[in-house]
Amino acid sequence: MYKMIVCDLDETLMNDDGTLSDKNAAAIQAATAKGVYFVPNSGRSYTSFQNDLEKMHLRDQAGQYSISYNGGLILENAGNRPIAVNAMPYAMAKAVFETGAADTQAATHVYTQDVLYIYNPTPDDSAYLTNRGVSFEVLKTPDFEQFKDMNIMKVIMALPTMTARKAMRSAVEKQVDPTELAVTYSSGRYVEFNRAGVDKGSASVQLGKLLGIKPAEIIAAGDNSNDLPMLRAVGLPVSVANGLDVVKSVAKYVTTADNNQDAIAEIINKFIL
(Lines give C-alpha, C1' and ligand atoms only; values in the text may rest on other atoms or scores of the structure.)
Protein backbone atom coordinates (compact mmCIF):
# COMPACT_ATOMS: atom_id res chain seq x y z
CA MET A 1 0.00 0.00 0.00
CA TYR A 2 1.32 3.41 -0.94
CA LYS A 3 1.13 6.06 1.77
CA MET A 4 2.65 9.12 0.09
CA ILE A 5 2.86 10.66 -3.38
CA VAL A 6 5.66 13.12 -4.08
CA CYS A 7 5.01 15.02 -7.27
CA ASP A 8 6.85 17.46 -9.48
CA LEU A 9 4.85 20.51 -10.56
CA ASP A 10 5.90 22.03 -13.89
CA GLU A 11 5.37 19.77 -16.90
CA THR A 12 4.13 16.97 -14.56
CA LEU A 13 1.17 18.06 -12.42
CA MET A 14 0.59 21.43 -14.07
CA ASN A 15 -0.67 22.10 -17.57
CA ASP A 16 1.70 23.88 -19.94
CA ASP A 17 -0.10 27.14 -19.16
CA GLY A 18 0.79 26.75 -15.49
CA THR A 19 -2.72 25.83 -14.31
CA LEU A 20 -3.89 22.90 -12.19
CA SER A 21 -6.72 20.97 -13.82
CA ASP A 22 -9.98 20.28 -12.02
CA LYS A 23 -9.55 16.53 -12.62
CA ASN A 24 -6.08 16.43 -11.08
CA ALA A 25 -7.24 18.52 -8.11
CA ALA A 26 -10.23 16.23 -7.50
CA ALA A 27 -8.04 13.12 -7.64
CA ILE A 28 -5.61 14.64 -5.15
CA GLN A 29 -8.48 15.45 -2.79
CA ALA A 30 -9.73 11.86 -3.10
CA ALA A 31 -6.28 10.48 -2.32
CA THR A 32 -5.81 12.64 0.77
CA ALA A 33 -9.32 11.69 1.92
CA LYS A 34 -8.04 8.10 2.00
CA GLY A 35 -5.14 9.17 4.22
CA VAL A 36 -2.48 9.28 1.51
CA TYR A 37 -0.14 12.27 1.69
CA PHE A 38 0.16 14.33 -1.49
CA VAL A 39 3.39 16.32 -1.40
CA PRO A 40 4.33 18.83 -4.11
CA ASN A 41 8.06 18.35 -4.71
CA SER A 42 9.27 21.27 -6.78
CA GLY A 43 12.37 23.17 -7.70
CA ARG A 44 10.29 26.29 -7.18
CA SER A 45 9.60 28.22 -4.00
CA TYR A 46 6.62 27.19 -1.91
CA THR A 47 5.34 30.76 -2.25
CA SER A 48 4.64 30.21 -5.95
CA PHE A 49 2.14 27.36 -5.55
CA GLN A 50 -0.03 28.44 -2.64
CA ASN A 51 -3.05 28.96 -4.92
CA ASP A 52 -2.58 25.45 -6.27
CA LEU A 53 -2.47 24.05 -2.74
CA GLU A 54 -5.74 25.89 -2.13
CA LYS A 55 -7.34 24.10 -5.07
CA MET A 56 -6.02 20.77 -3.74
CA HIS A 57 -7.51 21.62 -0.29
CA LEU A 58 -4.00 21.39 1.16
CA ARG A 59 -3.16 25.04 1.77
CA ASP A 60 -2.40 25.94 5.39
CA GLN A 61 -3.32 22.41 6.48
CA ALA A 62 -1.72 20.84 9.54
CA GLY A 63 -0.20 17.44 8.86
CA GLN A 64 0.26 18.15 5.14
CA TYR A 65 3.61 18.94 3.56
CA SER A 66 5.48 20.48 0.63
CA ILE A 67 9.05 20.25 -0.64
CA SER A 68 10.70 23.20 -2.40
CA TYR A 69 14.02 24.14 -4.00
CA ASN A 70 14.88 20.59 -5.17
CA GLY A 71 14.82 19.38 -1.58
CA GLY A 72 16.29 22.49 -0.01
CA LEU A 73 13.24 23.10 2.17
CA ILE A 74 10.57 20.84 3.65
CA LEU A 75 7.51 22.59 5.08
CA GLU A 76 4.37 21.74 6.94
CA ASN A 77 1.66 23.55 5.00
CA ALA A 78 0.07 25.00 8.15
CA GLY A 79 1.74 28.38 8.43
CA ASN A 80 4.41 27.23 5.94
CA ARG A 81 6.37 25.96 8.94
CA PRO A 82 9.91 24.79 8.05
CA ILE A 83 10.63 21.31 9.33
CA ALA A 84 13.93 20.80 7.45
CA VAL A 85 16.21 23.45 5.94
CA ASN A 86 18.93 22.07 3.67
CA ALA A 87 20.64 25.33 2.67
CA MET A 88 23.86 25.89 0.71
CA PRO A 89 26.98 27.09 2.50
CA TYR A 90 27.42 30.79 1.84
CA ALA A 91 30.84 30.50 0.17
CA MET A 92 29.58 27.82 -2.18
CA ALA A 93 26.50 29.80 -3.15
CA LYS A 94 28.63 32.90 -3.72
CA ALA A 95 31.03 31.08 -6.04
CA VAL A 96 28.17 29.55 -8.04
CA PHE A 97 26.37 32.88 -8.32
CA GLU A 98 29.44 34.81 -9.42
CA THR A 99 30.14 32.27 -12.15
CA GLY A 100 26.62 32.69 -13.47
CA ALA A 101 26.63 36.46 -13.16
CA ALA A 102 29.76 36.63 -15.32
CA ASP A 103 27.85 35.10 -18.25
CA THR A 104 25.86 37.84 -19.97
CA GLN A 105 23.39 35.42 -21.58
CA ALA A 106 22.46 33.78 -18.26
CA ALA A 107 19.62 34.83 -16.00
CA THR A 108 21.03 33.87 -12.59
CA HIS A 109 18.52 33.03 -9.85
CA VAL A 110 19.21 33.10 -6.13
CA TYR A 111 16.57 31.31 -4.09
CA THR A 112 16.59 32.38 -0.46
CA GLN A 113 14.23 30.68 1.93
CA ASP A 114 11.34 32.99 1.09
CA VAL A 115 12.29 35.21 -1.86
CA LEU A 116 13.63 34.65 -5.38
CA TYR A 117 16.17 37.18 -6.69
CA ILE A 118 17.32 37.30 -10.31
CA TYR A 119 20.40 38.97 -11.75
CA ASN A 120 20.20 39.80 -15.47
CA PRO A 121 16.59 38.61 -16.00
CA THR A 122 15.78 37.75 -19.62
CA PRO A 123 12.37 38.35 -21.24
CA ASP A 124 11.81 34.67 -22.05
CA ASP A 125 12.66 33.45 -18.56
CA SER A 126 10.67 36.20 -16.86
CA ALA A 127 7.63 35.35 -18.99
CA TYR A 128 7.98 31.66 -18.10
CA LEU A 129 8.08 32.47 -14.38
CA THR A 130 5.20 34.96 -14.52
CA ASN A 131 3.07 32.38 -16.33
CA ARG A 132 3.54 30.08 -13.33
CA GLY A 133 2.80 32.68 -10.71
CA VAL A 134 6.44 32.99 -9.64
CA SER A 135 7.30 36.42 -8.27
CA PHE A 136 10.87 37.68 -8.02
CA GLU A 137 13.00 40.69 -7.23
CA VAL A 138 15.59 41.97 -9.68
CA LEU A 139 19.19 42.25 -8.51
CA LYS A 140 20.62 45.49 -9.84
CA THR A 141 24.25 44.56 -9.09
CA PRO A 142 26.13 41.26 -8.70
CA ASP A 143 27.01 42.03 -5.10
CA PHE A 144 26.45 38.79 -3.19
CA GLU A 145 27.19 40.26 0.23
CA GLN A 146 23.51 41.12 0.69
CA PHE A 147 22.78 37.40 1.15
CA LYS A 148 25.35 36.85 3.89
CA ASP A 149 22.76 36.43 6.67
CA MET A 150 20.14 34.54 4.64
CA ASN A 151 19.49 30.87 4.01
CA ILE A 152 20.35 30.24 0.35
CA MET A 153 18.47 27.22 -0.90
CA LYS A 154 19.85 26.95 -4.43
CA VAL A 155 21.37 28.96 -7.28
CA ILE A 156 20.31 28.31 -10.87
CA MET A 157 20.88 29.77 -14.32
CA ALA A 158 18.46 30.03 -17.23
CA LEU A 159 20.31 29.54 -20.51
CA PRO A 160 18.93 29.08 -24.04
CA THR A 161 20.58 25.76 -24.98
CA MET A 162 21.71 22.56 -23.30
CA THR A 163 25.20 23.21 -24.67
CA ALA A 164 25.25 26.51 -22.78
CA ARG A 165 23.86 24.89 -19.64
CA LYS A 166 26.51 22.17 -19.70
CA ALA A 167 29.21 24.80 -20.26
CA MET A 168 27.90 26.67 -17.21
CA ARG A 169 28.09 23.50 -15.15
CA SER A 170 31.69 23.02 -16.25
CA ALA A 171 32.53 26.63 -15.37
CA VAL A 172 30.97 26.30 -11.92
CA GLU A 173 32.79 23.04 -11.26
CA LYS A 174 36.09 24.80 -11.89
CA GLN A 175 35.25 27.09 -8.96
CA VAL A 176 33.53 24.62 -6.61
CA ASP A 177 34.53 21.03 -5.91
CA PRO A 178 32.04 18.96 -7.95
CA THR A 179 31.71 16.47 -5.09
CA GLU A 180 30.23 19.28 -3.00
CA LEU A 181 27.47 20.02 -5.51
CA ALA A 182 24.20 18.44 -6.60
CA VAL A 183 23.63 19.52 -10.21
CA THR A 184 20.46 18.98 -12.23
CA TYR A 185 18.75 20.29 -15.35
CA SER A 186 15.07 21.24 -15.56
CA SER A 187 12.27 22.59 -17.75
CA GLY A 188 14.43 22.71 -20.87
CA ARG A 189 15.99 25.94 -19.63
CA TYR A 190 17.76 25.65 -16.26
CA VAL A 191 20.95 24.27 -14.78
CA GLU A 192 20.44 24.03 -11.02
CA PHE A 193 22.93 23.88 -8.15
CA ASN A 194 22.20 22.62 -4.63
CA ARG A 195 24.70 21.38 -2.10
CA ALA A 196 25.65 17.73 -2.42
CA GLY A 197 23.17 15.32 -0.89
CA VAL A 198 20.25 17.70 -1.34
CA ASP A 199 17.79 16.73 -4.04
CA LYS A 200 14.15 15.81 -4.51
CA GLY A 201 14.90 12.20 -3.61
CA SER A 202 16.77 12.81 -0.37
CA ALA A 203 14.04 15.19 0.78
CA SER A 204 11.32 12.65 -0.07
CA VAL A 205 13.04 10.01 2.05
CA GLN A 206 13.72 12.57 4.80
CA LEU A 207 10.03 13.52 4.99
CA GLY A 208 8.96 9.90 4.79
CA LYS A 209 11.18 9.05 7.76
CA LEU A 210 9.63 11.86 9.79
CA LEU A 211 6.16 10.47 8.98
CA GLY A 212 7.06 6.82 9.52
CA ILE A 213 6.76 6.04 5.80
CA LYS A 214 9.27 3.75 4.08
CA PRO A 215 10.66 4.56 0.62
CA ALA A 216 8.88 1.46 -0.71
CA GLU A 217 5.58 3.05 0.33
CA ILE A 218 6.14 6.23 -1.74
CA ILE A 219 5.07 7.03 -5.30
CA ALA A 220 7.04 9.71 -7.15
CA ALA A 221 5.92 11.37 -10.39
CA GLY A 222 8.09 13.52 -12.63
CA ASP A 223 9.18 14.41 -16.13
CA ASN A 224 12.67 15.93 -16.10
CA SER A 225 16.21 15.18 -15.02
CA ASN A 226 15.93 17.00 -11.69
CA ASP A 227 13.20 14.44 -10.85
CA LEU A 228 15.54 11.47 -11.31
CA PRO A 229 16.84 11.39 -7.70
CA MET A 230 13.22 11.36 -6.51
CA LEU A 231 12.25 8.54 -8.86
CA ARG A 232 15.27 6.46 -7.89
CA ALA A 233 14.58 6.86 -4.17
CA VAL A 234 11.02 5.49 -4.01
CA GLY A 235 9.09 2.29 -4.39
CA LEU A 236 7.04 3.33 -7.42
CA PRO A 237 8.71 5.78 -9.80
CA VAL A 238 6.34 7.15 -12.44
CA SER A 239 7.02 9.20 -15.56
CA VAL A 240 4.31 11.21 -17.24
CA ALA A 241 3.94 10.57 -20.97
CA ASN A 242 5.82 13.75 -21.83
CA GLY A 243 8.78 12.81 -19.64
CA LEU A 244 12.32 12.68 -20.97
CA ASP A 245 13.48 9.30 -22.22
CA VAL A 246 15.93 9.03 -19.32
CA VAL A 247 13.04 9.58 -16.90
CA LYS A 248 10.93 6.94 -18.61
CA SER A 249 13.87 4.53 -18.45
CA VAL A 250 13.91 4.57 -14.63
CA ALA A 251 10.11 4.57 -14.23
CA LYS A 252 8.15 1.46 -13.33
CA TYR A 253 5.05 3.03 -14.86
CA VAL A 254 4.65 5.57 -17.66
CA THR A 255 1.29 7.28 -17.90
CA THR A 256 -0.80 7.23 -21.05
CA ALA A 257 -1.70 10.87 -20.39
CA ASP A 258 0.70 13.76 -20.59
CA ASN A 259 0.75 16.73 -18.21
CA ASN A 260 -2.00 18.46 -20.22
CA GLN A 261 -4.25 15.39 -19.99
CA ASP A 262 -4.54 14.86 -16.21
CA ALA A 263 -1.62 12.44 -15.86
CA ILE A 264 -1.64 12.67 -12.05
CA ALA A 265 -5.31 11.73 -11.91
CA GLU A 266 -4.39 8.66 -13.97
CA ILE A 267 -1.73 7.69 -11.40
CA ILE A 268 -4.02 8.23 -8.42
CA ASN A 269 -6.92 6.33 -9.98
CA LYS A 270 -4.67 3.40 -10.86
CA PHE A 271 -2.62 3.03 -7.68
CA ILE A 272 -4.56 4.71 -4.85
CA LEU A 273 -8.32 4.79 -5.43
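Residues numbered from 1 in each chain as written. Predicted model: local features only at pLDDT ≥ 70, side-chain atom pairs only at ≥ 80, totals over all residues. Heavy atoms only, no water.

**Observations regarding the overall build of the protein**
Logical step 1: The helix and strand tally for the protein stands at 10 helices and 14 strands.
Logical step 2: Each principal axis of the C-alpha atoms in the protein carries an extent, and together these give about 50 × 35 × 35 Å.
Logical step 3: Of the contacts made within the protein by residues no fewer than 6 positions apart, 60% connect residues no fewer than 24 positions apart.
Logical step 4: When the accessible surface of the protein is split by element, carbon and sulfur atoms take 49% of a total near 10,900 Å².
Logical step 5: The distance from the centre of the 25 positive side-chain charges to the centre of the 31 negative ones in the protein is 6 Å. (Helix = DSSP H or I, 4+ residues; strand = E, 2+ residues; numbered from the N terminus. Contact = heavy atoms within 4.5 Å. Areas by Shrake-Rupley, 256 points an atom, 1.4 Å probe, with all protein chains shown as cover. Lys, Arg positive; Asp, Glu negative; His and termini not counted. Charge placed at Lys NZ, Arg CZ, Asp CG, Glu CD.)

**Notes on the nonpolar core**
Logical step 1: Membership of the largest hydrophobic core comes to 42 residues, with the highest contact counts inside it found for I5, L13, F38, M56, I264 and I268.
Logical step 2: With 26 residues, the next largest nonpolar core counts M88, A101, L139 and L181 among its residues. (Core = buried A, V, L, I, M, F, W, Y, C linked by side-chain atoms within 4.5 Å. Buried < 20%, exposed > 50% of the residue type's maximum accessible area, 1.4 Å probe, protein only.)

**Points about the sheet that holds strand β10 (residues 181–186)**
Logical step 1: With respect to topology, six strands assemble into an open sheet ordered β8-β7-β6-β9-β11-β10, the strand pairing being mixed. At either margin of the open sheet sits one strand with a lone partner, and together these are β8 (137–139) and β10. If you compare each strand with its neighbour and ignore which way they point, the axes differ by 25° on average.
Logical step 2: The sheet contact formed by strand β7 (residues 116–119) and β8 spans three bridges and is parallel. Its bridge partner lying in β8, Y119 is registered against L139.
Logical step 3: Strands in contact with helix α4 (residues 90–101) are β6 (107–112), β7, β8, β9 (152–158), β10 and β11 (190–195); relative to β9, the strand with the most contacts, it is inclined by about 15°. (Pairing = 2+ DSSP bridges. Axes fitted to C-alpha atoms, helices over the stretch in contact; angles between N-to-C directions.)

Note that every value here comes from positions in space, so none of it alone points to a role or purpose.
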